[in-house]
Amino acid sequence: QLELVESGGGLVQAGGSLRLSCAASGRTFGNYAMGWFRQAPGKAREFVATISRSGSSALCANSVQGRCTISRDNVKNTVYLQMNSLKPEDTAVYYCAARSLGLSTISSAYEYWGQGTQVTVSS
């Protein structure tokens with residue numbers, strides 16, 4: 001069993017930045033590729049970023065490209081999502097997720113999910 005706990009969300013004005021963290025426990029963190037997804041009310045869960053088990057490969061969604069950096073620290077068992085130049089349309093609950101295979105942009109491919117952290121961007 002792998003437990004994931006997100007933190008770092010909050011209220012930020014447009015153009016600002018946030019760094020979200022996801023702390024993992026329960027199993028060997030380095031055995032899992034990680035992802036970040038977001039979901040706004042009434043909308044489907046949307047891919048944001050993913051990173052491989054070693055951190056050697058990473059990908060951000062087109063909608064956040066240039067404003068997004070995903071990284072991981074396998075010693076601290078933590079994955080991070082740095083979001084810059086935030087826009088009101090970035091407002092959503094952000095979830096981290098883990099899977100035992102390679103990185104993926106598909107939410108259904110992930111086995112473990114955190115509880116989410118709210119990001120609200122004011123205009």
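Small disclaimer: the values here were computed from a predicted structure and weren't measured.

A.B. asks: Quick question: what am I supposed to make of the pattern of salt bridges here?
C.D. replies: A side chain of one charge can pair with a side chain of the opposite charge when the charged atoms of the two come close. Taken as a whole and judged by the stated rule, the model has 3 salt bridges. Notably, a salt bridge pairs R38 with E46, separated by 2.9 Å at the nearest N-O pair. Here R38 and D90 are joined by a salt bridge, their closest N and O atoms 2.8 Å apart. Taken as a pair, R38 in strand 4 (residues 33-39) and D90 in the loop between strand 8 (78-83) and strand 9 (92-99) lie far apart in primary sequence, 52 residues in all. An identical accessibility class is assigned to R38 and D90; each is buried. One salt-bridge network, in which partners are shared between bridges, spans R38, E46, R67 and D90.

A.B. asks: How should the sheet that holds strand 8 be read in this particular structure?
C.D. replies: Hydrogen bonds along the backbone pair up the strands of a sheet, which may run parallel or antiparallel. If you trace the 4 strands from one edge of the open sheet to the other, you get 1-3-8-7, paired in antiparallel fashion. In the strand order of this sheet, the two ends are held by strand 1 (3-7) and strand 7 (68-73), each with one partner. Recorded for the sheet is a direction-independent mean angle of 15° between the axes of neighbouring strands. Relative to strand 3 (residues 18-25), strand 1 runs antiparallel, the two being bridged by 5 bridges. By the bridge assignment for strand 3, E3 is matched with S25.

Thresholds applied
Residues numbered from 1 in each chain as written. Predicted model: local features only at pLDDT ≥ 70, side-chain atom pairs only at ≥ 80, totals over all residues. Heavy atoms only, no water. Salt bridge = Lys/Arg side-chain N within 4 Å of Asp/Glu carboxyl O. Helix = DSSP H or I, 4+ residues; strand = E, 2+ residues; numbered from the N terminus. Buried < 20%, exposed > 50% of the residue type's maximum accessible area, 1.4 Å probe, protein only. Pairing = 2+ DSSP bridges. Axes fitted to C-alpha atoms, helices over the stretch in contact; angles between N-to-C directions.

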